[in-house]
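Given next are the chains, with one letter for each unit.
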Amino acid sequence: MKILNLVFHPNLNDSRVNKTWKTQLEESGKITTSRDMYAEYPDFQIDIEKEQALLKEHDRIVFQFPLYWYSVPPLLKKWLDDVLTYNFAYGSKGDKLKGKDMQLIVSVGGHQKFYSGFDLYATLPELLKPFQLTANLTQMNYLHPEWMYRADSAELETITTHGSKIAKSINDPKRSNARQYLNDSMSSEIDEVYKELEL
Ligand SMILES: Cc1cc2nc3c(=O)[nH]c(=O)nc-3n(C[C@H](O)[C@H](O)[C@H](O)COP(=O)(O)O)c2cc1C
């Protein structure tokens with residue numbers, strides 16, 4: 001499986017989480033192509049042909065980014081607007097992404113309780129819904145997204161533990177069926193709790 005990791009962070013050198021995870025994913029040897037998109041396009045002039053060619057060459061497209069204003073960093077929004085064109089990504093002849101996987105990896109500054117979905121709060125899957133709808137329109141498989149809360153205050157060990165978990169399953173073919181994958185990972189987490197409780 002050929003995996004393309006597109007990292008959208010306005011200043012990756014100052015990042016703790018995304019820089020660490022990008023390196024961990026590269027060191028796993030599972031990523032075919034790994035790119036720092038803000039370094040690639042400091043002037044926001046995206047090379048559409050190059051981006052589309054890269055998309056065609058890979059099977060699993062990863063978008064890695066920090067959550068900014070409950071949304072994405074601006075270059076990622078522009079990349080979506082520029083690259084996912086009519087008759088490439090959608091439209092009567094727009095089937096170039098059909099059958100490919102879309103995986104999101106998101107770092108989140110806030111505490112989990114601010115993403116409970118209760119009252120004024122929205123959950124991460126709700127906030128990321130535009131990607132799920134985009135995957136649907138472009139006939140891609142929307143994989144269960146990965147995210148980590150309290151990204152700014154997390155200890156380095158927590159960041160790397162999370163990064164190892166992401167790297168472990170980044171090329172897992174089972175991820176292509178998000179619902180099944182989520183059910184499996186939930187039941188194995190429950191099994192672990194049972195084991196700890198000696199039940
Ligand atoms: C402009 C800006 C907007 C942000 N908006 C949010 C937000 O809406 N929700 C949130 O939980 N964290 C928000 N944060 C915190 C970032 O998500 C957090 O700093 C980032 O995930 C840490 O990752 P890094 O170490 O790779 O920079 C924001 C940070 C910045 C700079």
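Thresholds applied
- Residues numbered from 1 in each chain as written.
- Predicted model: local features only at pLDDT ≥ 70, side-chain atom pairs only at ≥ 80, totals over all residues.
- Helix = DSSP H or I, 4+ residues; strand = E, 2+ residues; numbered from the N terminus.
- Rg over C-alpha atoms; globule rule 2.2 N^0.38 Å.
- Buried ≥ 20, exposed ≤ 12 C-beta atoms within 10 Å, placed from the backbone.
- Contact = placed C-beta atoms within 7 Å.
- Near = placed C-beta within 6 Å.
- Nonpolar A, V, L, I, M, F, W, Y, C, P; charged D, E, K, R; others polar.
- Expected span 1.5 Å × (residues − 1).
- Axes fitted to C-alpha atoms, helices over the stretch in contact; angles between N-to-C directions.
- Parallel < 35°, antiparallel > 145°, perpendicular 65-115°, else oblique.
- Left-handed = near helix turned anticlockwise from the far one by under 90°.
- Core = buried A, V, L, I, M, F, W, Y, C linked by C-beta atoms within 7 Å.

Colleague: Quick question: what am I supposed to make of the overall build of the protein chain here?
Modeller: When you go through the protein chain residue by residue, the secondary structure sums to eight helices and six strands. Overall, the protein chain shows an N-to-C arrangement of helices and strands of β-α-β-α-α-β-α-β-α-α-β-β-α-α. A compact globule built from 199 residues would reach a C-alpha radius of gyration of about 16 Å, and the protein chain, at 17 Å, matches this within 12%. For the C-alpha atoms alone, the extent of the protein chain along its principal axes is close to 55 × 40 × 35 Å. In the protein chain, which comprises 199 residues, the share counted as buried stands at 29%.

Colleague: Explanation requested: the environment of A154 in the structure shown.
Modeller: Position of A154 relative to the elements: it lies in the loop between strand 6 (146-148) and helix 7 (156-169). A154 gets classed as partly exposed once you count the C-beta atoms within 10 Å, which come to 18. In sequence terms A154 and E27 are 127 residues apart; their C-alpha atoms lie 22 Å from each other. In this structure A154 touches M148 and I159, once residues within four positions along its chain are discounted.

Colleague: How do you make sense of the site of the ligand when you look at a structure like this?
Modeller: Taken together, 16 residues lie around the ligand, and S15, P66, S107, G109 and G110 are the ones closest in. Counted by class, the shell around the ligand contains eight nonpolar, six polar and two charged residues.

Colleague: So what exactly am I meant to see when it comes to helix 7 here?
Modeller: Since the α-helix turns once every 3.6 residues, residues separated by three or four places project in the same direction. With 14 residues, helix 7 extends 20 Å from end C-alpha to end C-alpha; this agrees with the ideal 20 Å at 1.5 Å per step. In this structure, the buried side of helix 7 is in contact with helix 1 (17-27), strand 4 (101-107) and strand 6.

Colleague: So what exactly am I meant to see when it comes to the packing of helix 1 against helix 7 here?
Modeller: In a pair of packed helices, the angle between the axes and the distance between the axes together describe the arrangement. Two elements in contact, helix 1 and helix 7, have axes whose closest approach is 9 Å; the angle formed by their N-to-C orientations is 40 degrees. In terms of orientation, helix 1 lies oblique with respect to helix 7. Helix-helix and strand crossings are classified by hand; for helix 1 and helix 7 the assignment is right-handed. Every residue of helix 7 that contacts helix 1 at V17, T20, W21, Q24 and L25 is listed here: I159, T160, G163, S164, I166 and A167. Partitioning the contact of helix 1 with helix 7 into residue classes produces six nonpolar, five polar and no charged.

Colleague: Got a minute to help me understand the nonpolar core in this structure?
Modeller: Counting residues in each nonpolar core, the largest one holds 40 residues, and the members touching the most others are L6, F8, V62, F63, L76 and M102. Put simply, the parts of the chain that give this core at least two residues each are strand 1 (3-7), helix 1, strand 3 (60-66), helix 4 (74-83), strand 4, helix 6 (129-137) and helix 7. Dropping the residues within four chain positions of it, M102 is found in contact with I61, F131, A135, M140, N141, Y142 and L143.

Colleague: Quick question: what am I supposed to make of helix 8 (residues 178-196) here?
Modeller: Over its 19 residues, helix 8 runs 27 Å from end to end, which matches the ideal 27 Å to within 8%, given 1.5 Å per residue. Summarising burial for helix 8: zero of the 19 residues are buried, a small minority. E198 occupies a position one or two residues after helix 8 and carries a positive phi of about 55 degrees.

Colleague: Any chance you could explain unusual backbone geometry here in plain terms?
Modeller: Excluding glycine, residues mostly have negative phi values, and the peptide bonds linking residues are mostly trans. The backbone phi angle of D119 is positive, close to 55 degrees, even though this residue is not glycine. For D119, the position within the fold is in the loop between strand 4 and helix 5 (124-127). A tally of 5 C-beta atoms within 10 Å means that D119 is categorised as exposed. Phi is positive for Q139, which is not a glycine, with a value near 65 degrees.

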